[in-house]
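What the coordinates show
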Amino acid sequence: MKPEVIFLSVFLLVLGYILFQFYRLSKKASAVTFPDLESVRVLYRDKRGSGQSDKDWQAKMGSADKTLEIVLTEDELWIRGPKMFAFIAEKIDLFHRIPIGKISKVERKRKVIKICFSLDQGASRTLSIRTADPDEFIALLNKQRGHAN
C-alpha cells in the first residue's frame, strides 16, 4: 500500500473517532433541556450571538463568538450553542434556560449586554452577551420583566 493511502486512512479514522466523541459527549452533556421552538412563543431570537460567563477562570477565558443561539420567550431566556458542541458550551457556562423572574439585572455597555441572574442553588451568575439587535432585545426583556426602558 502507498504511504499516502495509509496516512489518509489513519487520518479519516482519527477524524471519525473525534467526531464520534464530540457527538457522544454533547448528547449526554447537559441536564438542561429545551422545548421545541414551535411549542413556545418566541419574542426574540438570534442564531449568531456571542457570549461569555463569569462563572470561573475557565469560563472567563472561553467565549463563544457568533455561535450562540439567544432565544427570549414569554417566560424564559435561553442561551445555547450548536448541539454538536453542547459539552463545550456547558463547560464554559454558556448553556442556560433562565426563568425571567430569576433575572435580577440587565445592563448594556456599548455592544455588550450583561445579564445577572440567580441559579436554583442560590448562587448568582453574570453572562455577557452580544446580539444582532441589542436595543430590541433589552426592550423585550425589560418588558417581560415588568420594567420600563
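Everything quoted here is computed from the prediction, not taken from an experiment.

A word on unusual backbone geometry
Backbone geometry follows two general trends: most residues other than glycine have a negative phi, and most peptide bonds adopt the trans configuration. Positive phi outside glycine occurs at R110, with the angle close to 55 degrees. Assignment of secondary structure puts R110 in the loop between β5 (103-109) and β6 (112-118). On the basis of relative accessibility, which here comes to 78%, the residue R110 falls in the exposed class.

Points about the sheet that holds β6
One open sheet holds the 7 strands; their spatial order is β4-β3-β2-β1-β7-β6-β5, and the pairing between them is antiparallel. Strands with a single pairing partner mark the edges of an open sheet, and in this sheet they are β4 (96-99) and β5. Between one strand and the next, the sheet's axes are offset by a mean angle of 30 degrees, whatever the strand orientation. Across 4 bridges, strand β3 (residues 76-80) lies against β4 in antiparallel orientation. From the neighbouring strand, E76 faces β4, where its bridge partner is P99. Against the sheet, helix α4 (residues 134-145) engages β1 (42-53), β2 (64-73), β3, β5, β6 and β7 (124-130), with an angle of about 160 degrees to β5.

Side note on the nonpolar core
Of all hydrophobic cores here, the largest spans 22 residues; its most connected members are L72, L77, I103, I115, I129, F137 and L141. Elements with a contribution of two residues or more to this core: β1, β2, β3, β5, β6, β7 and α4. Examining the composition of this core, we find that 4 residues originate from one element, β2, more than from any other. Core analysis: the next-biggest nonpolar cluster, separate from the first, contains 5 residues, F34, L37, W78 and F95 among them.

Rules and cut-offs
For every chain, the first residue of the written sequence is number 1, and numbering continues from 1 along that sequence. Thresholds applied to this predicted model are a pLDDT of at least 70 for local features of residues and 80 or more for the giving and counting of side-chain atom pairs; totals over whole chains, interfaces and linings are not thresholded and use all residues. Calculated side-chain values reflect all of the structure's heavy atoms, with hydrogen atoms and water omitted. Runs of E in the DSSP output that reach at least two residues are strands. Runs of H or I that reach at least four are helices, and both are numbered from the N terminus. Exposure is judged per residue with a 1.4 Å probe applied to protein chains only, and the accessible area is read against the type maximum: over 50% gives exposed, under 20% gives buried, and values in between give partly exposed. Only when DSSP finds a minimum of two bridges between them are two strands counted as paired. Note on geometry: axes are lines fitted to C-alpha atoms, helical ones only across the stretch in contact, with angles between N-to-C directions running from 0 to 180 degrees. Any two residues whose heavy atoms approach within 4.5 Å are treated as being in contact. Definition used in this section: a nonpolar core is a set of buried Ala, Val, Leu, Ile, Met, Phe, Trp, Tyr and Cys residues joined via side-chain atoms within 4.5 Å.

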